[in-house]
Amino acid sequence: EPGRGRPPRWTKRQIIDGIRWRVRTGTPWRDVPEVYGPWQTLYRWFRRWQRDGTWAKILAGLQAGADAAGKIEWTVSVDSTISRAHQHAAGARRDGHLQKEPPGGVAAEPADHGLGRSRGGFTTKTHLACEQGRKTLAVVITGGQRGDSPQFVPVLERIKVCRVGGGRPRTRPDLVLADKAYTSRGNRG
């Protein structure tokens, strides 16, 4: 709000560009170039917007605009991939609820934090639904040992693309594409 507190030293455009740069490159926060502002400021804004749901609102607005412009093709692909967790994931705090800053954003953090045991150690499985223009519509994170087929319905249930003029969000794709891992009778139904 204008007139409250000290005037900002960094513009919101610089801060958003710095956050985008860090997310796109995957570098540590401390390695963000100074042109975007101090890394502590970028991290603080990123976490604040993660907790209050600003990023989710931005994504919903962009999806609504893309759907209204006809840029979302409603043939949806569903698949998953496994990511190996860092070796330090094995030494996570047992009393995580006592952390100064809780890890989650808007949604509650799952009890297993999306980590599971498999042959390769700690892994995470990302289940994704995207349309043919490669725009993500829904994501579900589970432990790496979880099967693909049981997550098919939860991924599809998370698809919600709001309408620009209001009304009920679109949730049903015209067609769903998936590989052999999803060929159960329940999923076909």
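Residues numbered from 1 in each chain as written. Predicted model: local features only at pLDDT ≥ 70, side-chain atom pairs only at ≥ 80, totals over all residues. Heavy atoms only, no water.

> So what's going on with the side chain of serine 80? Residues and values would help.
Its location among the elements puts serine 80 in strand β1 (residues 75-84). Overall, the relative accessible area of 19% leaves serine 80 in the buried class. At a separation of 2.7 Å, a polar atom in the side chain of serine 80 contacts the side chain of aspartate 148. Those residues within four positions of serine 80 in sequence are excluded, and the remaining contacts are Lys125, Thr126, His127, Asp148 and Tyr182. (Helix = DSSP H or I, 4+ residues; strand = E, 2+ residues; numbered from the N terminus. Buried < 20%, exposed > 50% of the residue type's maximum accessible area, 1.4 Å probe, protein only. Polar contact = N/O pair within 3.5 Å; in protein donor to acceptor, adjacent residues only side chain to side chain. Contact = heavy atoms within 4.5 Å.)

> I'd like a description of the pairing of strand β4 (residues 136-143), backed by residues and values.
When strand β3 (residues 121-131) meets β4, the two strands line up antiparallel, connected through 7 bridges. When the sheet's bridge partners are listed, leucine 128 is paired in β4 with valine 139. Between β3 and the antiparallel strand that follows it, β4, lie 4 residues; arginine 134 among them carries a positive phi value of about 65 degrees. (Pairing = 2+ DSSP bridges.)

> Explain the packing of aromatic side chains residue by residue, including any values.
Applying the stated criterion across every chain yields a total of 7 aromatic pairs. Ring centres of tryptophan 29 and tyrosine 43 lie 5.5 Å apart, and the angle between their planes is 75 degrees; on these two criteria the pair is classed as edge-to-face. Within this pair, whereas tryptophan 29 is found in the loop between α1 (12-25) and α2 (39-52), its partner tyrosine 43 is found in helix α2, the two being separated by 14 residues in sequence. You can call tryptophan 29 buried: its relative accessible area is 12%. Measuring from centroid to centroid gives 5.3 Å for tryptophan 49 and tryptophan 55, while their planes differ by 70 degrees, and the two rings are edge-to-face. Through a chain of ring-to-ring contacts, three or more aromatic side chains come together here, namely Trp29, Tyr43, Trp45, Phe46, Trp49 and Trp55. Residue placement shows arginine 48 over the ring face of tryptophan 45; its charged tip is 5.2 Å from the ring centre. (Phe/Tyr/Trp six-rings, centres within 6.5 Å; stacked < 30°, edge-to-face > 60°. Lys NZ or Arg CZ within 6 Å of the ring centre and 35° of its normal.)

> If you had to explain the packing of α1 against α2 to someone new, which residues and values would you point to?
Contact geometry of α1 with α2 gives a least axis separation of 10 Å together with a crossing angle of 85 degrees. It follows from the interaxial angle that α1 and α2 lie roughly perpendicular. Across the interface between the two elements, Lys12, Gln14, Ile15, Ile16, Gly18, Ile19 and Val23 of α1 pack against Thr41, Leu42, Trp45, Phe46 and Trp49 of α2. Split by residue class, the contact of α1 with α2 holds 8 nonpolar, 3 polar and 1 charged. (Axes fitted to C-alpha atoms, helices over the stretch in contact; angles between N-to-C directions. Parallel < 35°, antiparallel > 145°, perpendicular 65-115°, else oblique. Nonpolar A, V, L, I, M, F, W, Y, C, P; charged D, E, K, R; others polar.)

> Describe in detail unusual backbone geometry, supporting the description with residues and values.
Of note in this structure, arginine 134 is not a glycine but carries a positive phi near 65 degrees. By secondary structure assignment, the location of arginine 134 is in the loop between β3 and β4. Arginine 134 gets classed as exposed once you look at its relative accessible area, which sits at 72%.

> Before we move on, could you go through the environment of glycine 143 and cite the residues and values that matter?
Within the fold, glycine 143 resides in strand β4. With 27 residues separating them along the chain, glycine 143 and glycine 116 place their C-alpha atoms 3.9 Å apart.

> Pulling in residues and values, what's your account of the side chain of threonine 124?
Structurally, threonine 124 is set in strand β3. Looking at threonine 124, the relative accessible area reads 16%, which means it is buried. Those residues in contact with threonine 124, other than ones at most four positions away along the chain, are Thr81, Ile82, Ser83, Gly114, Leu115, Ile141, Thr142 and Gly144.

> Can you break down the nonpolar core residue by residue, with the values?
Val78, Ala129, Leu137 and Ile159 are the most contacted members of the largest nonpolar core, which totals 15 residues. Setting aside residues up to four positions removed in sequence, isoleucine 159 forms contacts with Trp74, Val76, Ala129, Leu137, Ala138, Arg170 and Thr171. (Core = buried A, V, L, I, M, F, W, Y, C linked by side-chain atoms within 4.5 Å.)

> Which residues make up the pattern of salt bridges, and what values go with them?
For the structure on display, the rule yields 5 salt bridges. Among the ionic pairs, lysine 135 bridges to glutamate 131, the shortest N-O distance being 3.6 Å. Exposure remark for lysine 135: the relative accessible area of 32% places this residue in the partly exposed category. The class for glutamate 131 is buried, based on a relative accessible area of 2%. Here the salt bridges do not stand alone but share partners, grouping Arg13, Asp17 and Arg20 into one network. (Salt bridge = Lys/Arg side-chain N within 4 Å of Asp/Glu carboxyl O.)

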